[in-house]
Amino acid sequence: MFRLKNVSVNYGRLQESVRTRLVDGSKPAIFTWGAVSDRKNALQSACRVRVHGGNLDWDSGWVEKKEQEMRYGGPALPEAVPLSLEIQIRDDAGNVSLPYAAVFYNASVEWKAGWIGAAQDEKGRTVYLRREFRVEREVASAVLYACGIGYQKLFLNGEALDNAALDPAHTDYSRTCQYVTYPGFEQKLRRGANCLGTMVGEGWRRNVLSDRKTAVYSTKREYAFAGQPMFTAMLRIRYVDGGEEWIVTDEAWQWGRGAHFQNDLFDGETYDANQTSMGWNLPGYAGFAPAKVLDGPGGRMKPMLLNPIVEHNARPPIASWSLAEGKTVYDFGQNIAGVVRVTLPEIMAPGQTIRVSHAEELDEDGSLFTAPLRQAKATDTYIASGDGRDLQVWQPIFTYHGFRYVLVEGLNTQYDLRKIEAVELHTDLEMGSSFRCGDALVTRIHEACVATERANQHSILTDCPQRDERQGWMNDATVRFEETPYNFDIGRMFPKLIGDLMDEQDEDGAITCTAPYVFGSRPADPVCSSFLVAGMEAYRHLGDRDILEEAFERFAAWENCLLAHSENGIVNYSYYGDWAGPIDACIEGSRGDGAKSAVTPGEFMSTGYSYYNCRMLCQMAEALGREEDAAHWAEVGERVKKALLEKWYDADEAKVATGSQGCQAFALWLGILPAEDAPRAAKRIHDALVANDGRITTGNLCTRYLMDVLSEYGYLEDAWRLITRQQYPSFGYMLQQEATTIWERFELKKNPGMNSHNHPMFGAIDYWFYAYLGGIRPLEPGYSRIRIQPYIPEELMSAQAVVDTVKGEVSVRWMKRYGALHLHVTVPFGARATVVFAGKTHEIGSGFHTFSQPMA
């Protein structure tokens, strides 16, 4: 069998959902693919790509090339027309693949609709909007473009348009608004009367957080995108007779209220069946008033290309207990981000109220421990009408919560467990990677890391899903973004978050600690190299050169900003540095929960990342063929490195700054120490661990680097002891305390400060599982060349890692059995791998390969 897989347009994988088949036609299209072949060591020798639809028919013809990509070379892609994509490839033995066929759409459009909303705005109240129209001729095609901020839920003739939740993607609406595109809308239209309706929720447009930030920071740009919820849309209908009609948001629309009574992203949602506006989204309804035309938020309109937030697992409770009559706690067994779905009783009393409160943790008496939620109420409410207006199944639509436990009030304490489910909601970035090993604890840590990452994907990559924060913190992301590509599809996510940062970037190059900007500072903490890391990782894992081309000057501007905040090569400020290490390694805070490192200087971390930026800019410039830029950033990097070593390096002692685990590990990870000194510098880490009874002193960044460096410099067993440790501070300690996701701090605490139990920054350790225990790393962009070098601890008997790459699955499995060490490697079609195993190096091609080495 010779067929294509993992086909992408502009590095976004084409999946079954039409929402993953949209492109921005204002940018050049590039098609990439992987393949599956029964032949070993197979390579592509030629390919052919055809795109046709409407009046377009472009055919590349057979092109001899080994690269599994083709840039579109035809005329401009027509808007919202089904475009058929056909790809075939030929291998180096002359075999031709099965033809691949898919449909995609150009979602770009010139925006010519206004913004509308409620004529009487009330904070927290859900806005209902509707527009009736008639279709009297035969329709050839139709497409809807819609953007409701904060969030929208769209209907046509009473039916929801799709299963997306919390739509559209969150951005700084004063800079960019992303509209959702619905091609193929002609299949949903009726002959005669139709009604297009939407509910608009507060979302990120307005919530308890926006109120607080506006009050505290009224003279700054934080939360500049706050304001009245509003909606804009365009429906284009083309008729068979050649006519065309546009229905846009204007004064012809109507607004009103309904049963989705109140909503707040953090506080929760109230559904009041007594307020039901029956038939509001059906033709013929007459209960609403004219909508108000509003000034828009100011951002440019762009198509939403990011995969939508959708429902995933629906989990029944694993246990429940009654606190009092009508008050029951349910345990779903897994910390998640989402909402609770309740199948309501068939008979409900008028005014009967059901409340669902959410929490990650329990108090000692079995009640919810809600202090870590801070100001977020995290409570959803249903008020019954007691008549035919009540729902059969209730599920909030304009909020989400981070929780494992819920308190349900207002239902019988013996209510059927099967009628209550925890529904996971997150951006649909799933792919087929996996990791497991012979140590059950380490496998569970991996599972917790993935669950944590998954629960923090809500059109931005958040820091936590539960409290009144949920920000895209860029300091946490610097190591996180090296882990994410192993587990999730970054093809659309990383360009989106790079765009978010560019939206917030000032003329002096300064970016912000969070994007969209709500918390933190401008300029951001210098450790926010995540801006560049996102671009580099998209290039390394996907081969996405376009994002480097698009953002290179912005990346450089951020580093130039740091250089402008440097004195003699040393960056002169730091906010966070190596953040949130064990409490005894941190400067004490006002509540005894300080997070700033007391052992690793912040300005040392800042300057190290300035050097790292220069190194990445040099690599990017080389990839783009910008020789002068590459030479410039190499030279600047050397100056920064020299300054850092002069200030903080003691060559006699091989000691960096304070000599902390973080200082030593970061310097070694950066590769800035003289080669002859590196072993002594690494030994200082080993000695410190021995002297400290195996306790780490590192935070959100250097903990990951510590594991890498120990493995690279001959102390793999130290790294293994750290990852399998179950005493505080460790990942095992979290799991011993019933964690199913990774915590913000290593401590089990009872105060509200920095007490998230679903925080992905320390989950970056999962990179080590894939890159070291599995040994999988891309050597060339897009996994054209791969390095396979598993690190094999003495006490671990087996490990298996699979990475679902753009080329296909890279699989590594090793095991110790029958007196030998065995390695199984699968390399995808078109790729080459360098395998380092048992002291020998092997160069291999695609297919399945085995290696064995007798054990002493």
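Structure shown above.
Quick summary incoming for the structure in this document. Keep in mind it's a predicted model, so treat the numbers as computed, not measured.

Criteria and cut-off values
- Residues numbered from 1 in each chain as written.
- Predicted model: local features only at pLDDT ≥ 70, side-chain atom pairs only at ≥ 80, totals over all residues.
- Heavy atoms only, no water.
- Pairing = 2+ DSSP bridges.
- Helix = DSSP H or I, 4+ residues; strand = E, 2+ residues; numbered from the N terminus.
- Axes fitted to C-alpha atoms, helices over the stretch in contact; angles between N-to-C directions.
- Parallel < 35°, antiparallel > 145°, perpendicular 65-115°, else oblique.
- Contact = heavy atoms within 4.5 Å.
- Nonpolar A, V, L, I, M, F, W, Y, C, P; charged D, E, K, R; others polar.
- Core = buried A, V, L, I, M, F, W, Y, C linked by side-chain atoms within 4.5 Å.
- Buried < 20%, exposed > 50% of the residue type's maximum accessible area, 1.4 Å probe, protein only.

**Side note on the sheet that holds strand β12 (residues 127-135)**
So, point 1. Across the sheet, six strands lie side by side as β15-β14-β17-β12-β20-β23; this open sheet has antiparallel pairing. Across the chains shown, the open sheet's two edge strands, defined by having one partner strand only, are β15 (159-160) and β23 (289-290).
So, point 2. Taken together, the three bridges between β12 and strand β20 (residues 254-256) define a ladder with antiparallel strand orientation. Counted as the bridge partner of Leu129 is Trp255 from β20.

**A word on the packing of helix α2 (residues 440-454) against helix α14 (residues 766-773)**
So, point 1. Orientation of α2 relative to α14, taken along the N-to-C sense of each, is 125°, at an axis distance of 9 Å. As judged from the angle between their axes, α2 and α14 are oblique. When α2 is examined against α14, the residues Val442, Ile445, His446, Cys449 and Val450 are found in contact with a partner set consisting of Asp766, Phe769, Tyr770 and Leu773.
So, point 2. Residue composition of the contact of α2 with α14, grouped by class: seven nonpolar, one polar and one charged.

**Examining the nonpolar core**
So, point 1. The biggest cluster of nonpolar side chains holds 228 residues, and the ones touching the most others in it are Phe185, Ile237, Trp558, Ile723 and Trp768.
So, point 2. In terms of residues, this core owes the most to one element, helix α7 (residues 602-623), which gives 11 residues.
So, point 3. Setting aside its immediate chain neighbours within four residues, Trp768 contacts Met707, Asp708, Ser711, Leu716, Ala719, Trp720, Ile723 and Leu773.
So, point 4. With 27 residues, the next largest nonpolar core counts Ala42, Leu56, Met70 and Leu77 among its residues.

**Concerning the packing of α2 against helix α3 (residues 474-487)**
So, point 1. One can describe the packing of α2 onto α3 by two numbers: an axis separation of 11 Å at closest approach and a directional angle of 100°. The pairing of α2 with α3 is recorded here as roughly perpendicular in orientation. Facing His446, Val450 and Glu453 of α2, the residues of α3 in contact are Arg480, Glu483, Thr484 and Asn487.
So, point 2. Considering only residue class, the contact of α2 with α3 consists of one nonpolar, three polar and three charged.

**Quick notes on α14**
So, point 1. Along α14, eight of the eight residues are buried, which leaves the element largely enclosed by surrounding structure.
So, point 2. Looking at the residues trailing α14, positive phi occurs at Gly775, about 75°.

**Considering the sheet that holds strand β41 (residues 776-778)**
So, point 1. Strand order in the open sheet formed by four strands is β41-β42-β46-β47, and the pairing between neighbours is mixed. The sheet is open, and its two borders are formed by β41 and β47 (840-844), each paired with just one other strand. Across this sheet, the average inter-strand angle for adjacent strands is 20°, counted without regard to direction.
So, point 2. Pairing geometry for strand β46 (residues 832-837) and β47, over five bridges, is antiparallel. Within the sheet, the bridge partner assigned to Val835 lies in β47 and is His842.

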